[in-house]
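# Observations on the model geometry
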Amino acid sequence: MNRLQFFISVTSLCALCLLSGCMEWDYDIDSDSVNLSGKGLFIINEGNFQYGNASLSYYDPATDSVQNQVFFQSNGMKLGDVAQSMTIWDNRGWMVVNNSHVIFAIDIENGREIGRITNLTSPRYIHFISAEKAYVTQLWDNRITVVNPSTFSVTGYIEVPGMTMETGSTEQMVSYGDYVFCNCWSYQNRIIKIDTRTDQVVDQLSIGIQPTSLVIDKNNNIWTVTDGGYEGSPYGYEAPSLYCINAESFSVSRVFTFALGDNPSEIQINRDGTLLFWINKDIWRMDVDDLRLPDTPFINARGTKYYGLTVSPYNGDVYVADAIDYQQQGIIYRYNSRGDYISEFYAGITPGAFCWK
């Protein structure tokens, strides 16, 4: 979901999600599956809130070719309302569709649905612990849902202390040892630590206002950016920051502060865990061992609306999603590891997330 839309009205928006997000999924048995060959990139297109026009695209860098509407072509039905994220586990692609309250599992070679997890309130991200256990964070639920991906069923919940449905949501997750770390975003300022053996929150760390995305580097440091809230927010408004958190001690080791009014987001890391990337109007890059923020952008925005970001695990190419006006097909820009422009292509409406095959 576009974060700009989130603050319209917490209470009324929640009601709309629950009332309007349900969809009927009917297969077209005559539909043809697509060929998703190569080491490609899935693009998750959010679509427009309450329009049910989310979609899935697939790009093959080797042939410089893109296929749009992959899920629809393979299954003869629409993906749903607000596609949020995608994760590949056990050769299956798990697509989280927030306002349709569902997670689809697809064959990553042809896009066909294998199964689905339903009866979710407002799923955001799925993180796998084992073949029988995964965690699902949600926007309009003060719990993290525990699911069994083998049976596509909900098996339990993790209660998050100090969180209500109206004032808090859990977001992205990373693993370290037997623990999963998760950022609490809306009207929150915490990273929580979950023991995967007991499915219990065992610790929490207070940082800046509203931490967003989460990654872990080569040194087992967790990185997150805070958005600082917004002017007039009842929770507060401050300069956003980039935090480096030691996963072993679960303590802050470094803090980098941005200017008030900046909007850093979508923190990403390269395959080696050595370089951080994020969006703050432009695209920025920093070594994980650096002691100060960079002075100049890695890639200039050029008047675009950068909305999504990923780094190729194969060659370090950087892919940036431009949402344009959030109404038409977005553009994906491809740059090499030096920041030089390579090519661009159209995806679906509001491309917001990526997943490498």
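The following refers to the structure shown. Here the residue numbers are simple positions, counted from 1 along each chain's written sequence. Given that this is a predicted model, residues contribute local features only at a pLDDT of at least 70 and side-chain atom pairs are listed and counted only at 80 or more, while totals for whole chains, interfaces and linings are drawn from all residues. With hydrogens and water stripped out, all remaining heavy atoms of the structure feed into the side-chain values.

### Considerations on the environment of tyrosine 230
- Counting from the N terminus, the helices are the DSSP runs of H or I reaching at least four residues and the strands are the DSSP runs of E reaching at least two. Here tyrosine 230 shows up in the loop between strand E17 (221–226) and strand E18 (241–246).
- In the structure, tyrosine 230 is positioned 115 residues away from phenylalanine 345 in sequence and 33 Å away in space, judged by C-alpha atoms.
- Within polar-contact distance, the side chain of tyrosine 230 engages the side chain of tyrosine 187 at 3.1 Å. Polar contact is defined as a pair of N or O atoms within 3.5 Å, subject to the rule that within protein one atom must be able to donate a hydrogen and the other to accept it, and that residues adjacent in sequence are counted only when both atoms are side-chain atoms.

### Here's the deal with the pairing of strand E6 (residues 102–107)
- Under the scheme applied here, a residue whose accessible area is under 20% of the maximum for its type counts as buried, over 50% as exposed, and between as partly exposed, the area being computed with a 1.4 Å probe on protein chains only. Most of E6 is tucked away, with 5 of its 6 residues classed as buried.
- Two strands qualify as a pair provided that DSSP identifies no fewer than 2 bridges between them. One ladder, built from 6 bridges, connects strand E5 (residues 92–97) with E6; its direction is antiparallel. Along E6, the bridge assignment pairs tryptophan 94 with alanine 105.
- With antiparallel pairing between neighbouring strands as the criterion, E5 and E6 make up a hairpin whose turn holds 4 residues, including histidine 101 at a positive phi of roughly 60°.
- Between E6 and strand E7 (residues 113–117), which pair antiparallel one after the other, the connecting turn spans 5 residues, and glycine 111 there sits at a positive phi close to 80°.

### Side note on the packing of aromatic side chains
- When two rings of Phe, Tyr or Trp (its six-membered ring) have centres within 6.5 Å they constitute a pair, described as stacked for plane angles under 30 degrees, edge-to-face for angles over 60, and tilted for the intermediate range. Scanning all chains against the criterion turns up 17 aromatic pairs.
- Measuring from ring centre to ring centre gives 5.9 Å for phenylalanine 277 and phenylalanine 298, while their planes differ by 70°; the resulting arrangement is edge-to-face. Here the residue phenylalanine 277 occupies a position in strand E21 (residues 275–280), and phenylalanine 298 occupies one in the loop between strand E22 (282–287) and strand E23 (306–311), the gap between them amounting to 21 residues. Of the two residues, phenylalanine 277 and phenylalanine 298, neither departs from the other in class, the shared state being buried.
- Taken together, Tyr59, Tyr314, Tyr319, Phe345 and Trp356 form an aromatic cluster joined through their ring pairs.
- Cation placement over rings: the criterion is NZ of Lys or CZ of Arg within 6 Å of the ring centroid and within 35° of the ring normal. Across from the ring centre of tyrosine 157, 3.7 Å away, lies the NZ or CZ of arginine 143, which sits over that ring.
- Over the ring of tyrosine 333 we find arginine 302; its NZ or CZ atom is 5.0 Å from the centre of that ring.

### Observations concerning the nonpolar core
- Working definition of a nonpolar core: buried Ala, Val, Leu, Ile, Met, Phe, Trp, Tyr and Cys residues. They are joined through side-chain atoms within 4.5 Å. Core analysis: the biggest nonpolar cluster contains 21 residues, and Phe42, Leu56, Phe71, Leu79, Met86, Met95 and Phe104 have the highest contact counts within it.
- Elements with a contribution of two residues or more to this core: strand E1 (41–45), strand E2 (55–60), helix H3 (70–75), strand E4 (83–89), E5, E6 and strand E27 (351–356).
- Broken down by element, this core gets its largest block of residues, 3 residues, from E6.
- Counting residues in each nonpolar core, the second largest holds 15 residues, with Trp223, Phe258, Ile267 and Val288 among its members.

Just distances and angles here, no functional claims.
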